[in-house]
Every structure is written in C-alpha cells, then in structure tokens.
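For reference, the chains in residue letters:
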Amino acid sequence: MKKLFFFLIPVILLAFEPIKPIPEHIPYNKQKALLGKYLFFDPILSKDKTISCASCHDFNHGGADPRPVSIGVGGAKGKVNAPTVYNAYFNFRQFWNGRAKDLKDQANGPVHAPNEMAMDEKIIEKRLNANPLYKKLFKQVYHTDHIKYWMVLDAIAEIEKALITPNSKFDLYLKGKAKLTPLEKKGYILFKQLGCITCRNGINIGGNSYQKIGAVKPYDKPAVGDRYEITKRAFDRYRYKVPTLRNIALTAPYFHDGSVKTLDEAVEKMAYHNLGFQLTSEEKRAIVAFLKTLTGKKPKILEQ
C-alpha cells in the first residue's frame, strides 16, 4: 500500500500540472509523411517554382521564419511572421487568426495566397502528374495513377503531424527524468505566479485559445492578421491565437508582426502589455531561463 502511495504521488502532481509533456510518439502514416516531406521542400508547388513550404518554415530555426514577415513569389511580402510548424498538430486552430480548422486547411492557404505561392490546384495536379518520381510516390501511398490536389494537402498534413519535438528539458523535468537549475525553477514559479500560465498551458504551452495582445496596456503597433479580419467584430481587434512557447528560444523574431528581435525583449513587452507592469531584471532573467528549457528534440523524420 505504501509503495502504491508513493507511486501515485507524481501521477497526481502531473494531473494538476498546467503544462503537459509532449508525447514521445503519435501515430502517423510514415510512407505518406515521407511523401509530404518531399512536397514540403519542393518549390514545384509555387507559381514561379521558387517558394516551398520550407522557405518560410526553417527546421533549423525552430520551424519558424527568421524574417519578420515571409517573402513569397516575386518578392511579395506577407503581413505576419510565419509561426513554427513544429507541434502545430497540437494547436486548436491554425494561423495567427485561427482561420484554418486543421493542418490540411492550413496547408491549402499558402498555396493559393497571392503573396505566398500564388498557385492553382489544377496546375499543381498537372505538374505532379508529369513528374515520374511523384507518380511513383503517390501510387505507393494512394494506389492511383492520377494525382489529385487533395492528396497533396493530405500528405503535407501527415508530415506536419510527425513534426513534434518531445523531450525538452522541461518535459523531462515533468516526467521526473531531469532537474531544473534554481534559476530555471524560479522562472517557472514566476511564470505561474505572475499569470503567464493563464494563456500558456497544456501540451503546446499555448495554441489553445485566442487572446488580445495589449490586454492591459495597448499594443502600439498596427493590428495585422488578427481575428477581426475573420469575424469583423470590434472585440477581436488585436486578438490572436496564443502562439506556442515550445522551442521559443529558436524562433526569433517574435510576435505576430515579427517586430521583436530577442526573447528578453519579448518577455519584457508581454509583461508590460498583457500583465501591466515592468519585470525586474532578475525576474526577466529567470523567466527567460525557464523558456530556454522548452527546446525539444528535432523530429526523427527529418533525419530520414
């Protein structure tokens, strides 16, 4: 009985923990995901064959875009910073304003956007059906001689499903397999005490609600790509899907407009605009130390 009690303690504590570890594996179709990986890196999906999904989602930059806004075909500029594709599977909606309901819906957006890939699905089908390698790969997965556009979205969604980054230092801490330094632990306690945890929680430490930037002190830059563009309700001005904090140390620049260059500055500005006060330098140092424990392992499928 005593052994059972001590076994249950960490289980009970984990149950009340507002942040959950990323599962080490989630089921996906490997052959389909590898096809999706080909497509993800191939500029054949863009009008002038210069832009691929990977152009704006750099796997060596936390799956995000190191530029403030993405650059599409013909040098066209986007309006917002491309968020990380890592762990997007766990988001309740996709895009900053949540206009896509799932990964397939998300993959469809940039393909048609005139300032991204500017493509037509019939042209994509024509190009892929003229490509012997793709004919072979699609037949292996979909058992057909004719490639349809929906298969392209289906395969890209499958690779995105595989792009999870488990076993960050903080995940290992939650599982009792690692210890945080005193500074990292202090940062996590502050993260909860100051209220950051209200919007950043769950498996993805965000990605599960819409919140307003400037909830306490107004944000001093234009509202672009917000929920208002979808709903046209004044309530949704400056309201965005809360971005994940996983791998946040790798994904600068920050905020929807890519206007914040460093993690220190991002923490400082979020405290000011959404909590309503200035952090001390020691508080900021501790929270940044905690955030740096959220960098996970690169997805194994990228090695194949």
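Look up a bit, the structure's there.
Residues numbered from 1 in each chain as written. Predicted model: local features only at pLDDT ≥ 70, side-chain atom pairs only at ≥ 80, totals over all residues. Heavy atoms only, no water.

Chemist: Got a minute to help me understand the packing of helix H11 (residues 263-275) against helix H12 (residues 281-291) in this structure?
Modeler: When two helices pack together, their arrangement is given by the angle between the helix axes and the distance between those axes. Contact pair H11 / H12: the axes reach a minimum separation of 10 Å and the direction vectors enclose 115°. Handedness of the H11/H12 crossing: right-handed. Touching Leu 263, Asp 264, Val 267 and Glu 268 of H11 are Lys 284, Ile 287, Val 288 and Leu 291, all from H12. Across the contact of H11 with H12, the residue classes break down as five nonpolar, no polar and three charged. (Axes fitted to C-alpha atoms, helices over the stretch in contact; angles between N-to-C directions. Helix = DSSP H or I, 4+ residues; strand = E, 2+ residues; numbered from the N terminus. Left-handed = near helix turned anticlockwise from the far one by under 90°. Contact = heavy atoms within 4.5 Å. Nonpolar A, V, L, I, M, F, W, Y, C, P; charged D, E, K, R; others polar.)

Chemist: Would you take a moment to explain the environment of Lys 20 for this structure?
Modeler: If you trace the backbone, Lys 20 turns up in the loop between helix H1 (2-15) and helix H2 (30-41). It is 7.5 Å that separates the C-alpha atoms of Lys 20 and Asp 171, two residues lying 151 residues apart in sequence. In this structure the side chain of Lys 20 is engaged in a polar contact, spanning 3.2 Å, whose partner is the backbone oxygen of Glu 17. (Polar contact = N/O pair within 3.5 Å; in protein donor to acceptor, adjacent residues only side chain to side chain.)

Chemist: Could you clarify how one ought to interpret the packing of aromatic side chains in this entry?
Modeler: Aromatic ring pairs: the centre-centre distance and the angle between the two ring planes describe each pair. Counted by the stated rule, this structure contains 17 aromatic pairs. Relative to Tyr 86, the ring of Phe 59 lies with its centre 5.7 Å away and its plane at 15°, an arrangement referred to as stacked. Highlighted residues: Phe 59 in the loop between helix H3 (53-56) and helix H4 (103-112) and Tyr 86 in the loop between H3 and H4, separated in sequence by 27 residues. Plain terms: the ring middles of Tyr 89 and Phe 90 are 5.3 Å apart, the flat faces sit at 75° to each other, and that makes the pair edge-to-face. Note on Tyr 89: relative accessible area 37%, which makes it partly exposed. In this structure Phe 90 comes out as buried when scored by relative accessible area, which is 18%. (Phe/Tyr/Trp six-rings, centres within 6.5 Å; stacked < 30°, edge-to-face > 60°. Buried < 20%, exposed > 50% of the residue type's maximum accessible area, 1.4 Å probe, protein only.)

Chemist: Honestly, H4 in this entry has me stumped. Any pointers?
Modeler: Think of an α-helix as turning once every 3.6 residues; residues three or four places apart then point the same way. Residues of H4 that are buried include every one of Leu 103, Gln 106, Ala 107, Pro 110 and Val 111, and no others. All buried residues of H4 project into a common sector of 140° when viewed along the axis, lining one side. (Arc of directions from axis to C-beta.)

Chemist: Just checking my understanding: could you explain the pattern of salt bridges for this structure?
Modeler: Pairing is possible between side chains of opposite charge, provided their charged atoms come close. In total, this model carries 16 salt bridges according to the counting rule given. Of the charged contacts, one joins Glu 282 and Arg 285 as a salt bridge, the two residues approaching to 3.4 Å between their closest N and O atoms. Of the two residues, Glu 282 and Arg 285 are both situated in helix H12; the distance of three residues between them amounts to about one turn of the helix. Judged by relative accessible area, Arg 285 falls into the partly exposed class, the value being 48%. In the salt-bridge network here, residues are joined through shared partners; they are Lys 32, Lys 104 and Asp 154. (Salt bridge = Lys/Arg side-chain N within 4 Å of Asp/Glu carboxyl O.)

Chemist: What is the right way to read the nonpolar core from this model?
Modeler: One recurring pattern in soluble globular proteins is that nonpolar side chains are buried together. Judged by nonpolar contacts, the single largest core of 35 residues is most densely connected at Leu 35, Leu 39, Leu 128, Tyr 134, Phe 138 and Val 152. Put simply, the parts of the chain that give this core at least two residues each are H2, H3, H4, helix H5 (121-129), helix H6 (132-142) and helix H7 (149-162). By residue number, the principal contributor to this core is H7, which donates eight residues. Counting residues in each nonpolar core, the second largest holds 34 residues, with Tyr 188, Phe 191, Val 260 and Ala 266 among its members. (Core = buried A, V, L, I, M, F, W, Y, C linked by side-chain atoms within 4.5 Å.)

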